[in-house]
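Structural characterization, general
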Amino acid sequence: MRLLASLAATLTLGAAVGVAAPASAHGDHTAPHGNQTALVPGTGSTLLSSPNVTHLSANPSQVGISGCFMRTAPVLVTSGADSVRVWDVTDAAHPALVGVLPNVLFENEAMNCGERRTADGIARFALIGVDSVQSSPGDIQHSNVGGGEMIVVDVTDPTNPVIRSRAPGTTSTHTVACVTSANCRYVYSAGEGNHFSIFDLRDLDHPQEVDAKPGEEGVQPFWSPTAGHKWNFDAAGYGTHTGWNGASIWSTDNPAKPHLVTTTGLAGKGKDPAYPGWNNFIEHNSFRPNARAFKAGASPSFAHGNVLLTTEEDYEQTDCTQAGSFQTWWVKRLDGTPSAIVPLDKVELSDLGDFPLPQGAFCSSHWFDFHPSGIVAVGFYGGGTQFVDARDPRHLKSYGYAVWGSSEVWDTMWVPVYDAQGHQTGAKSNVAYAIDLVRGLDVYAVDLPGDGIGARPATSVVPDSTLVDRAQDGVVPIGLVGAAMALTIGVRRRQRTRA
């Protein structure tokens, strides 16, 4: 959640990075030694990266904001201020654009993918949360000015993404998320003012908001102590709601009636003097690795499923020593005990290296993605893509980075590993995608600990066979085969003011 500045303003980040004095890491956090600088051919931009990160490809043209991967097809869907785009990621190092939906939008900060088995096969779709304005030439009669709406975009045919349905909501749809992406029947909104909306998506063509209090007049939203930004759902059936007052964890066994379990307490509200700076604005998003292995009261580790990863965003702060951190929290209990999530460690951008940092510009942490190796990929706006070593969640440190002269990274994701049938295996590759407001989509290979691959893409995500060969063999959905589309549309951006 941030002020969407004009593209011209974001381009000044390059100059800011170029003249900034190097920042020194402080505390016990260390950065990898050495870096590599190169003018990347065809991009006209300088890349500063650590030796364990290699830039594989650049895919410009979209004013990129967010993205998500499908579970049963090697497909990436990205959302930007100008369009929804669908990519074939069979060759993860070189994603191929196969479908475009022109879509002027603010903001859909978190693209969310969902699937549903139907009598006709698997329906694949992406969810758009409209913050303030949306318009698509193919659905112009339903243009939105004012926000508060969820849109379902059908991408079952990835070459022809279309708006399938819409549903108004009574709370902010800054972000929307499926409770279970593999069988997306209920969707939660970001919410606002201690309330959020639940959408019933069982009928994909006619979604509607669930009434929290059927006995009262009108549609009533649901209460949450941390409403305001993002829901993330883990493998154990819990949802974590991040926002203005920190994070809260909920049981979603009955997704139409979630039950509050615990919260981050005073630290999450930014009111605990023992943990200053843990939430100066919002807790942005979260993930709890290995959630099924949770052990109450056990020491914090990924093996125990009791470490909550979050980013704290503070885009109003332009000092990169305070602008928004990546954090780890210890989930002590999930039995209804209040304030049972306590801080472990956090790193600001300035803790992660001695590279030049943006001055007077956006450098907060934003979206992140966890790799089972313990390395977390984090977008830091003008601070680029940062790879954080979280293997010891009590002592976070830098693992690597990729920072461009002109860049504003909103989202960074590890590419999943797909099997021969095109289904996610549950593993993640060493290839990371950065979605950039200025640059579009960048692709990196990372030398991860213990994989023996180096800073080049794993063979599992760079197949020997061609896309056509795989389609003929029935490996890739036939709809993926087709010429890539190219499209440029004018985009009007408006300043988003905080309510």
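One can find the structure itself at the top, above this paragraph.
Values in this document were obtained by computation on a predicted structure and should not be read as measured data. (Residues numbered from 1 in each chain as written. Predicted model: local features only at pLDDT ≥ 70, side-chain atom pairs only at ≥ 80, totals over all residues. Heavy atoms only, no water.)

**Some details on the sheet that holds strand E27 (residues 341–347)**
Taking strand neighbours across the sheet as the criterion, the four strands line up as E24-E25-E26-E27 in an open arrangement whose pairing is antiparallel. The open sheet has two free edges, formed respectively by strand E24 (282–287) and E27, since each of these has just one partner strand. Shown here is a sheet whose adjacent strand axes are inclined to one another by a mean of 30°, direction ignored. Both strand E25 (residues 307–313) and strand E26 (residues 326–331) contribute to a ladder of five bridges, which runs antiparallel. Opposite Thr311, over in E26, you have Phe326 as the bridge partner. (Pairing = 2+ DSSP bridges. Helix = DSSP H or I, 4+ residues; strand = E, 2+ residues; numbered from the N terminus. Axes fitted to C-alpha atoms, helices over the stretch in contact; angles between N-to-C directions.)

**Some points on the pattern of salt bridges**
Close approach of charged atoms allows side chains of opposite charge to pair. On inspection of all chains with the given rule, the structure shows 12 salt bridges. For Arg164, the salt bridge is made with Asp205, and the minimal N-O distance between the two is 2.7 Å. In this pair, Arg164 sits in strand E13 (residues 162–168) while Asp205 sits in the loop between strand E17 (198–200) and strand E18 (208–209), placing the two residues 41 residues apart along the sequence. Under the relative-accessibility criterion, Asp205 is labelled partly exposed at 38%. The network of salt bridges with shared partners includes Asp139, Glu149 and Arg166. (Salt bridge = Lys/Arg side-chain N within 4 Å of Asp/Glu carboxyl O. Buried < 20%, exposed > 50% of the residue type's maximum accessible area, 1.4 Å probe, protein only.)

**Section: the state of the cysteines**
With the rule as written, the count across this model stands at three disulfides. Paired by a disulfide, Cys178 and Cys184 hold their sulfur atoms 2.1 Å apart. Around the S-S axis, the bridge from Cys178 to Cys184 shows a dihedral of about -85° and counts as left-handed. One exposure class covers both Cys178 and Cys184, and it is buried. Take the cysteines of the protein that form disulfides and number them in order along the sequence; they join up as 1-2, 3-4, 5-6. (Disulfide = S-S within 2.5 Å.)

**So, the sheet that holds strand E32 (residues 409–418)**
The four strands lie next to each other as E3-E34-E33-E32, forming an open sheet whose pairing is antiparallel. Edge positions in the open sheet fall to strand E3 (53–59) and E32, since each of these has one partner strand only. For this sheet, the mean inter-axis angle between neighbouring strands, taken without regard to orientation, is 35°. One ladder, built from six bridges, connects strand E33 (residues 424–436) with strand E34 (residues 440–446); its direction is antiparallel. Residue Asp436 lies in a different strand from E34, and its bridge partner there is Gly440.

**Let's talk about the pairing of strand E29 (residues 375–379)**
Among the five residues that make up E29, five are buried, leaving the element largely enclosed by the rest of the structure. As defined by bridge partners, strand E28 (residues 368–370) adjoins E29 across three bridges and the pair is classed as antiparallel. Bridge pairing links Phe370 to Val376 in E29. Linking E28 to E29, which pair antiparallel, is a turn of four residues; within it Gly374 sits at a positive phi near 100°. Bridge count for E29 against strand E30 (residues 385–389) is five bridges, and the pairing is antiparallel. Opposite Val378, over in E30, you have Gln386 as the bridge partner. Linking E29 to E30, which pair antiparallel, is a turn of five residues; within it Tyr381 sits at a positive phi near 50°.

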